[in-house]
Amino acid sequence: MSGNGDLVLIKDGKRLDGRGFEELRDIKMEVSVLERASGSAYVEWGKNKVMVGVYGPRELHPKFLQDPTKARLRCVYNLAPFSVDERKKPGPDRRSVEISKVTSEALSSVVMLERFPNTVIDVFIEILQADAGTRCVGLTAASLALADAGIPMKDLVSACSAGKVNGQVVVDLMKEEDNFGECDLPMALIPKKGEIVLLQMDGNLSRDEFKEAYKLAYDGCMKVYDLQRKTLMDSMKKFVGEGGIDNGD
Amino acid sequence: MEIEGYLKKDYITNLVNESKREDGRKFDEHRKIIIDNGYVKDKAPGSCFVQLGKTKVLAGISIAVGEPFPDRPNDGVMSTSTEFRPMASPRFESGPPNEDSIEVARVIDRGIREAGAIDLKKLLIEDNLVWIVFIDIHVLDHDGNLIDAGGIASMSALLNTRLPKYEDGKIIYGEYSGKLPIARVPIPCTTAKIGKALLVDPSLNEEYAMDARLTVSTTENINAMQKGGTGSFNEEEIMACVDAAFEKGNKIRKMLKDAD
Amino acid sequence: MLNIKDRDLVVPGDLIGNEIVPDMNCYMEGGNVYSAVEGLVRVDGRKIKVVPSSGGYIPKREDVVIGVIADVLTGRWLVDINSPYICAMSGEEVSRDAAKTDLSRYYKVGDIITAKIGSVNEVYSCQLMKPWKIENGLIIDVNPKRVPRVVGKQKSMLNMIREKTGARVIVGQNGKIWIKDGNVDLAVKTIKKIEKYAQTQGLTDQISDFLDKESR
């Protein structure tokens with residue numbers, strides 16, 4: 001966030017990529033994309049490309065880490081070296097560790113961990129191509145992958161960011177807006193209750209601007225939820241024989 | 001050996017004794033190869049997503065500038081890394097590369113480097129400044145033969161890599177000044193030995209059953225070899241692997257050129 | 001009062017209704033019942049269950065499973081049944097003086113067995129009984145949540161597969177199925193098809209037609 005007021009990010013009511021202030025980038029979602037993982041999802045969101053693989057519940061080693069009352073949820077968010085402009089050295093950096101933590105906490109609020117004592121559920125989020133908002137894409141995809149794995153959850157988790165750019169509050173920041181805007185506000189919620197399970201902010205917002213950004217992010221999350229729901233429904237078509245069982249299998 | 005290994009080993013071996021493979025392939029046949037170039041082209045100057053059967057690997061090429069090695073002051077620099085991402089297999093853990101991951105990276109690297117695939121002499125920018133090429137192989141789904149999948153993905157990605165613009169002492173990301181100069185296209189080919197049989201492109205189950213494997217990376221010559229596993233090969237078997245590598249190498253090389 | 005109808009598809013968090021009883025894979029909160037998984041809703045009077053589209057295996061008493069001997073200890077073996085929970089088998093299954101017997105003479109690490117789950121404790125650790133060793137043949141993976149469809153009501157589907165392919169088939173509820181002899185390829189193809197289209201209505205008849213067509 002450099003808050004560079006000189007860079008024109010909004011012109012004639014449109015953002016650099018032609019979007020309106022309340023418009024999300026194009027999003028495509030798919031589940032069951034990996035063979036080995038228990039559950040998986042792949043999301044393209046603007047120029048972001050994110051793949052998530054889930055394993056579990058599975059045995060947790062070493063034993064002293066086991067919790068006899070519930071499963072542990074481990075989340076690893078990782079940027080591929082080629083996912084960003086300047087190559088990122090492999091291995092977790094401090095930013096990735098923080099994102100892993102807040103993502104894990106967001107998911108823990110819905111996953112029914114108490115049903116699987118002494119085990120671990122592993123969520124691996126790979127950012128293959130990054131263009132701002134990767135933690136929201138990752139969390140959204142992780143929620144899909146957990147559902148794909150059949151892990152019981154109270155609800156999905158849907159994420160979306162908002163921010164401020166050239167003094168204007170907008171939804172779903174892209175890279176230039178994240179780099180040169182005045183605020184970035186990633187958010188995630190449990191759609192059924194509308195309760196917030198991830199909220200971070202960095203930048204500069206007045207109280208009113210925050211309320212405006214909150215609403216935009218909230219509505220954005222609900223739009224993401226609709227798409228998540230549709231993706232899961234579509235993935236179950238064959239399960240119930242929609243389209244017949246004999247199509248060239 | 002993990003449970004899947006025990007469950008499959010005898011079955012695979014019995015099939016091989018009947019001259020059959022689990023997926024119906026001939027012993028000298030590769031699985032279906034799908035090549036998707038430019039998979040992450042909005043950021044990486046070069047990339048390729050390869051599916052070799054169900055194995056899925058994404059190779060990304062990053063370009064930087066820096067100092068050459070002191071003993072080769074006019075040559076660009078290349079470096080190859082492989083990450084076995086934990087989503088790719090229940091056995092892969094988060095953490096630094098283990099010996100398997102490092103072996104895959106180094107074998108692929110040797111194939112590319114010894115063939116002179118990247119024309120490193122053409123990567124000199126100015127005195128004491130050269131292009132540095134990073135090959136990063138991300139294994140996303142493991143169903144066997146990561147060396148061949150990674151090697152094919154790397155070469156295809158390199159063939160489609162553009163050099164960034166370099167102006168006023170820095171790289172202009174997103175703008176490009178030409179293609180990475182490629183002189184030759186080495187392709188690795190791995191053959192597994194199960195009993196007395198030689199099987200090209202082992203699947204994961206076949207890897208559980210194999211006694212040894214031999215990877216041969218070729219252009220018009222042999223540029224790299226690696227024997228793996230605790231079993232052994234005799235000379236005749238090795239020559240058979242070499243011949244298969246030349247044949248398959250040519251076939252796959254043509255596939256890469258056509259996929260461009 | 002129901003918000004959905006029998007055989008509707010749901011995702012986690014979908015409202016199923018109120019004044020009903022959550023039976024499987026759903027939960028109650030504030031008087032309402034919601035789905036906990038993605039799957040198919042089945043309404044049975046006031047009982048609601050959601051048949052999951054996928055999921056792992058949690059040991060259940062009386063289940064037949066296929067596993068691999070993972071370790072030989074004094075008086076017992078540890079068996080890997082592809083579940084997050086430890087499974088043990090007492091040496092008494094083969095010998096009266098289990099503690100003094102070298103159990104690896106009966107089953108050693110790497111041996112594949114089929115057995116029944118005798119008991120499961122509150123942290124899901126289970127005990128196997130009545131083992132016998134599996135040799136040769138092929139073991140395939142099937143999503144554990146879809147295995148019941150491969151068996152069918154009163155084994156109707158399984159018997160049909162056995163009859164029409166001539167194969168010996170043992171179904172492990174833990175998602176491993178052993179097939180030997182007969183038309184193994186057709187048996188595998190059929191089982192994979194059932195797995196894919198598990199909750200299709202009239203599946204048994206469609207699979208029967210498929211088997212007849214392929215056998216010609």
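Computed from a prediction, not measured in an experiment: that's the story for all the values here.

1. Structural notes on the overall build of chain C
No. 1: Each helix and strand counted, chain C has four helices and 15 strands in total.
No. 2: Across its three principal directions, the C-alpha atoms of chain C cover 60 × 50 × 20 Å.
No. 3: Contacts in chain C between residues at least 24 apart in sequence constitute 52% of all its contacts with a sequence separation of at least 6.

2. A few points about the packing of helix H2 (residues 99–114) of chain B against helix H3 (residues 146–159) of chain B
A pair of packed helices is captured by two measures, namely the crossing angle of their axes and the spacing between those axes.
Residue and element names in this part refer to chain B.
No. 1: The contact between H2 and H3 brings their axes to 9 Å, and the two run at 45°. With respect to H3, the axis of H2 lies oblique. Judged by the sense of rotation from one axis to the other, the crossing of H2 with H3 is right-handed. Only Leu146, Ile147, Gly150, Gly151, Ser154 and Met155 of H3 make contact with H2, whose side of the interface consists of Val104, Val107, Ile108, Gly111 and Ile112.

3. Section: the interface of chain B and chain C
No. 1: Listed as interface residues are seven residues of chain B and, on the opposing side, eight residues of chain C.
No. 2: By residue class, the composition of the side of chain B that touches chain C is five nonpolar, one polar and one charged.

4. Remarks on the packing of helix H2 (residues 156–165) of chain C against helix H3 (residues 184–196) of chain C
All names here are of chain C.
No. 1: The geometry of H2 relative to H3 is characterised by a closest axis approach of 10 Å and an angle of 155° between their N-to-C directions. If you check the angle between H2 and H3, you find them roughly antiparallel. Read as a crossing pair, H2 and H3 show a hand that is right-handed. Note on element contacts: H3 touches H2 through Leu186, Ala187, Thr190, Ile191 and Ile194, opposite Met157, Ile161 and Thr165.
No. 2: For the contact of H2 with H3, the class distribution of residues is six nonpolar, two polar and no charged.

Criteria and cut-off values
- Residues numbered from 1 in each chain as written.
- Chains lettered and ligands numbered in written order.
- Predicted model: local features only at pLDDT ≥ 70, side-chain atom pairs only at ≥ 80, totals over all residues.
- Helix = DSSP H or I, 4+ residues; strand = E, 2+ residues; numbered from the N terminus.
- Contact = placed C-beta atoms within 7 Å.
- Axes fitted to C-alpha atoms, helices over the stretch in contact; angles between N-to-C directions.
- Parallel < 35°, antiparallel > 145°, perpendicular 65-115°, else oblique.
- Left-handed = near helix turned anticlockwise from the far one by under 90°.
- Nonpolar A, V, L, I, M, F, W, Y, C, P; charged D, E, K, R; others polar.

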